[in-house]
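Spelled out, the chains give:
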Amino acid sequence: MVFVELGLIFIGLALLYRAAHRLGFSPIPLMLMAGLAFGEGGLASLRFSESFVQTTAEIGILLLLFMLGLEYSGQELREALQTHLPDALVDALLNFLPGFVLAIGLGWELPLALLMGGATLITSSGILAHLIAELGWEERSEARIAVSLSIMEDVLIALLLPPAAILLFRAEGAWLGPLLLSVLLATGALWFAIRFGQALTRAINHESDGVLLLSLFGLALLAGGIAYLLQIPTAIGGFLLGLSVSDPVKERARRLIGPVRDLSAAIFFLTLGLRLDPSLLPPVLPLAGGLALITGVTKGITGWWAARRQGLGRWGRWRTGALLVARGELSGVIAGLVVQAQPSASFAPLVAAYVLLSAFVGPLLVRLLPKAEP
């Protein structure tokens, strides 16, 4: 029965991917809804393969963040810092504060407030890349600006997530040492990616795709294991490792691990849905809708500001903002971390509803806006 159930799960995920592709939307909301449908309190529950799915999801989140770290090279990080640092500060101010202020208003503790701010700040790089590729906008200024802002957001989250996660998981124990260590590791990995990423690349590079793929998987799992031993969430180790790898390995790794990334994302969001009780979503929908509306506007303003500084026209500015609206992978990862630490918290249902709404609305806005200046 285990194989039957697993086979049905993966066939179901494939059908959802087909539907999302046909509709022109990201599959992330559909994966999340599928998990809600078959989790606790849903239409049916998994009995035979839940442990397998949970274990696979842990590896999936590690590989997903590893792939997110691989998205950007040290050169891209350097150029983004040089060109879009003022825009990133505006982005952080406008889009971190709504989630942070809401969490404080709800009476949540500082770690949850920091993570909520991160969930509202971070654009889905997966949905952004999907939109750019589908619309053929690779060479358009709006896409380049949106990608640069996404890079800066990932840098900010790379610095925020480790210490916030440490505070969350160690609220009742000694936390100062692991907190300082996590900050040092995050900043060290970013510095290493910019200055010495080529050294690691030369060490693992090989003409055989098979050798390179095994090396990357082994390093990702090793980084996750080391992070666990250092009392840091394992996914953070994968993300920091991804940042440390540079071209030409990055480009080959994206091609080799791309399908695995999609599978990892599907399983992760399915598992996140399985862990949530669907009955917890309706009470938080008004908050999630209001938050999605506010941060949709603030992302629009962010894109407008950044595109204006680069000399784009009126509609080009709004298209840039629309590309930034959807939240996805990292917001879901943040919710997943909170589920592990505080399963009873209302944080994860709120973020799940927020991701569902923004992941649907963001691509829709991009398609509704004029594709060129009148």
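Residues numbered from 1 in each chain as written. Predicted model: local features only at pLDDT ≥ 70, side-chain atom pairs only at ≥ 80, totals over all residues. Heavy atoms only, no water.

(A) Focus on the overall build of the chain. Across its full length, the chain holds 15 helices and zero strands. Classification of the 374 residues of the chain by burial places 53% in the buried group. As presented, the chain carries roughly 16,100 Å² of accessible surface, and 69% of it is formed by carbon and sulfur atoms. (Helix = DSSP H or I, 4+ residues; strand = E, 2+ residues; numbered from the N terminus. Buried < 20%, exposed > 50% of the residue type's maximum accessible area, 1.4 Å probe, protein only. Areas by Shrake-Rupley, 256 points an atom, 1.4 Å probe, with all protein chains shown as cover.)

(B) Examining the side chain of Thr302 more closely. Looking at where Thr302 falls in the secondary structure, it is placed in helix 12 (residues 281–309). A relative accessible area of 1% means that Thr302 is categorised as buried. A polar contact of 2.8 Å, which involves the side chain of Thr302, links it to the backbone oxygen of Thr298. (Polar contact = N/O pair within 3.5 Å; in protein donor to acceptor, adjacent residues only side chain to side chain.)

(C) The environment of Leu221, seen in detail. In this fold, Leu221 is placed in helix 9 (residues 209–229). The spatial distance from the C-alpha of Leu221 to the C-alpha of Phe66 is 9.7 Å, given a sequence separation of 155 residues. Not counting residues up to four positions away in its chain, the partners in contact with Leu221 are Ile59 and Leu62. (Contact = heavy atoms within 4.5 Å.)

(D) Spotlight on the side chain of Thr295. Relative to the elements of secondary structure, Thr295 occurs in helix 12. Engagement of the side chain of Thr295 in a polar contact is seen with the side chain of Tyr354, the distance being 2.8 Å. Not counting the four nearest positions on each side in its chain, Thr295 is found in contact with Asn95, Pro98, Thr120, Arg327 and Tyr354.

(E) The packing of aromatic side chains, seen in detail. Here the structure, examined in full by the defined rule, presents three aromatic pairs. Ring plane angle 25° and centroid distance 5.6 Å describe the contact between Phe96 and Phe100, whose orientation is recorded as stacked. One end of the pair is Phe96 and the other is Phe100, both in helix 4 (residues 74–105) and four residues apart, which spans about a single turn. Plain terms: the ring middles of Trp304 and Trp318 are 6.3 Å apart, the flat faces sit at 40° to each other, and that makes the pair tilted. Placement of Trp304 in helix 12 and of Trp318 in helix 13 (residues 314–323) is noted, with a sequence separation of 14 residues between them. A relative accessible area of 27% means that Trp304 is categorised as partly exposed. Above the face of the Trp304 ring, Arg317 is positioned so that its terminal group lies 5.0 Å from the ring centre. (Phe/Tyr/Trp six-rings, centres within 6.5 Å; stacked < 30°, edge-to-face > 60°. Lys NZ or Arg CZ within 6 Å of the ring centre and 35° of its normal.)

(F) Molecular detail of helix 10 (residues 234–244). Counting buried positions along helix 10 yields 10 of 11 residues, so the element is predominantly enclosed. For helix 10, the full list of buried residues reads Ala235, Ile236, Gly237, Gly238, Phe239, Leu240, Leu241, Gly242, Leu243 and Ser244.

(G) Here's a closer look at the pattern of salt bridges. All chains considered together, the criterion is met by five salt bridges. Where Arg309 meets Asp87, a salt bridge forms, and the shortest distance between an N and an O atom there is 3.0 Å. Highlighted residues: Arg309 in helix 12 and Asp87 in helix 4, separated in sequence by 222 residues. Overall, Asp87 belongs to the buried group, its relative accessible area being 0%. (Salt bridge = Lys/Arg side-chain N within 4 Å of Asp/Glu carboxyl O.)

(H) Spotlight on the packing of helix 12 against helix 13. Taken N-terminus to C-terminus, the directions of helix 12 and helix 13 make an angle of 130°; their axes are 7 Å apart at the nearest point. Judged on the interaxial angle alone, helix 13 and helix 12 are oblique. When the axes of helix 12 and helix 13 are compared, the crossing they make is right-handed. Within the contact between the two elements, helix 12 uses Lys299, Gly300, Ile301, Gly303, Trp304, Ala307 and Arg308 and helix 13 uses Gly316, Arg317, Trp318, Thr320 and Gly321. Among the residues forming the contact of helix 12 with helix 13, the class breakdown is four nonpolar, five polar and three charged. (Axes fitted to C-alpha atoms, helices over the stretch in contact; angles between N-to-C directions. Parallel < 35°, antiparallel > 145°, perpendicular 65-115°, else oblique. Left-handed = near helix turned anticlockwise from the far one by under 90°. Nonpolar A, V, L, I, M, F, W, Y, C, P; charged D, E, K, R; others polar.)

(I) Spatial organisation of the environment of Ser141. Its location among the elements puts Ser141 in helix 7 (residues 141–169). Sequence spacing of Ser141 and Thr320 is 179 residues, and the spatial spacing of their C-alpha atoms is 8.6 Å.

(J) The confidence of the model for the chain, seen in detail. In the predicted model, the chain carries a mean pLDDT of 79, and the fraction of residues at 70 or more is 79%. Here helix 8 (residues 176–204) stands out as the element of the chain with the lowest mean pLDDT, 66, in contrast to helix 12, whose mean of 93 is the highest. (pLDDT = per-residue confidence, 0-100.)

(K) Region of interest: the environment of Trp304. Measuring from C-alpha to C-alpha, the distance between Trp304 and Gly316 comes to 8.0 Å, with 12 residues separating the pair along the chain. Apart from residues no more than four positions distant in its own chain, Trp304 is found in contact with Arg317 and Trp318.

(L) Molecular detail of the nonpolar core. Counting 82 residues, the largest nonpolar core has Leu65, Met116 and Phe347 as the members making the most contacts within it. Broken down by element, the residue count for this core peaks at 11 residues, all from helix 15 (residues 347–368). Non-local contacts of Leu65, meaning those with residues more than four positions away in its chain, are made with Ala235, Gly238, Phe239, Leu330 and Val333. Phe66, Leu70, Val245 and Ala253 belong to the second-largest nonpolar core, a separate cluster that totals 15 residues. (Core = buried A, V, L, I, M, F, W, Y, C linked by side-chain atoms within 4.5 Å.)

(M) Just a nonpolar patch on the surface, in detail. Taken together, the side chains of Met33, Phe360, Val361 and Leu365 make up a nonpolar region of the molecular surface, amounting to roughly 290 Å² of accessible area. For the nonpolar patch, the element with the highest residue contribution is helix 15, accounting for three residues. Among the structural elements, Leu365 can be located in helix 15. For Leu365, a relative accessible area of 36% puts it in the partly exposed group. (Patch = residues over 30% accessible without salt bridge, like charges linked within 9 Å, V, L, I, M, F, W, Y side chains within 5 Å.)

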